[in-house]
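Commentary on secondary and tertiary structure
The chain contents come next:
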Amino acid sequence: MEIKVARASSLFKENGHDLKGIFNLFYNAVYDVSLLTIPHSATELNHEMQAVSDNKALLTNYMNSTIKQFHPDNELAAARIAQFNQEYKELKEMSEKIKEVSFFTVLTRSNKKINAYIRRKKEIESENISFEELLNVAYYKFTQVNGTLKQFKDGFSRFLEAK
């Protein structure tokens, strides 16, 4: 399962959350993706609600099985967070540079430098992260508040059952 990094940005940026806070940030990023996969053929409200319920059950089962098999890699998570922070900073700088030129210049794409910024900005905004990598980032954030792997796995499983 692939998740847009932009949907999980709050998990990357936040620090000092307890397990419940980390779980909520993680779950919201992942659950948003599952809502987007609802079949478009469901036109009636009750069918759509059934599709949401089915997707939620599939997502919960997938998350539970992945968490049980999870093996953290703190170095990889720290590197991924550093990459996110660098790209986030780059994105902010590019947005400012794009704002400096006229709307007409952006619309007609007459400036090659601005075109490069726009391409790079779209590239960063469309970047994906795997479910396992995001889980690794969540675990890394949890260990910053002195948590253990057992607490992490048990807590995530407990929170999933409550959802």
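Here goes a summary of the coordinates provided.

Examining the pattern of salt bridges
One pass over the structure, following the stated rule, counts five salt bridges. Across the salt bridge formed by E123 and R120, the nearest N and O atoms sit 2.6 Å from each other. Residue E123 and its partner R120 are located together in helix α6 (residues 112-125), separated by three residues, close to a single helical turn. One salt bridge connects E125 with K121, and the closest N-O pair in it is separated by 3.9 Å. Highlighted residues: E125 and K121, both in helix α6, separated by four residues, approximately one helical turn. Residue K121 is classed as partly exposed on the basis of its relative accessible area of 24%. Each member of the salt-bridge network shares a partner with another, and the members are E90, R120 and E123.

Re the packing of aromatic side chains
In the structure shown here, the tally under the stated rule is 13 aromatic pairs. Between F152 and F156 the ring centres are 4.4 Å apart and the planes differ by 35°, which places this aromatic pair in the tilted class. Residue F152 and its partner F156 are both found in helix α8 (residues 149-162); the two are separated by four residues, about one turn of the helix. Each of the two residues, F152 as well as F156, counts as buried. Ring-pair connections join several aromatic residues into one group, and the members of that group are F23, F26, Y27, Y62, F70, F131, Y139, F142, F152, F156 and F159. Directly above the aromatic system of F159 lies the positively charged group of R158, at a separation of 5.3 Å from the ring centroid.

A few points about the packing of helix α4 (residues 74-100) against α6
Packing of α4 against α6 brings their axes to within 10 Å, and their N-to-C directions diverge by 145°. Our pair here, α4 against α6, has a crossing hand that is left-handed. Residue-level contacts link E87, E90, L91, M94, S95, K97 and I98 of α4 to I114, Y117, I118, R120, K121, I124 and E125 of α6. Residue classes in the contact of α4 with α6 are distributed as seven nonpolar, one polar and six charged.

Analysis parameters
- Residues numbered from 1 in each chain as written.
- Predicted model: local features only at pLDDT ≥ 70, side-chain atom pairs only at ≥ 80, totals over all residues.
- Heavy atoms only, no water.
- Salt bridge = Lys/Arg side-chain N within 4 Å of Asp/Glu carboxyl O.
- Helix = DSSP H or I, 4+ residues; strand = E, 2+ residues; numbered from the N terminus.
- Buried < 20%, exposed > 50% of the residue type's maximum accessible area, 1.4 Å probe, protein only.
- Phe/Tyr/Trp six-rings, centres within 6.5 Å; stacked < 30°, edge-to-face > 60°.
- Lys NZ or Arg CZ within 6 Å of the ring centre and 35° of its normal.
- Axes fitted to C-alpha atoms, helices over the stretch in contact; angles between N-to-C directions.
- Left-handed = near helix turned anticlockwise from the far one by under 90°.
- Contact = heavy atoms within 4.5 Å.
- Nonpolar A, V, L, I, M, F, W, Y, C, P; charged D, E, K, R; others polar.

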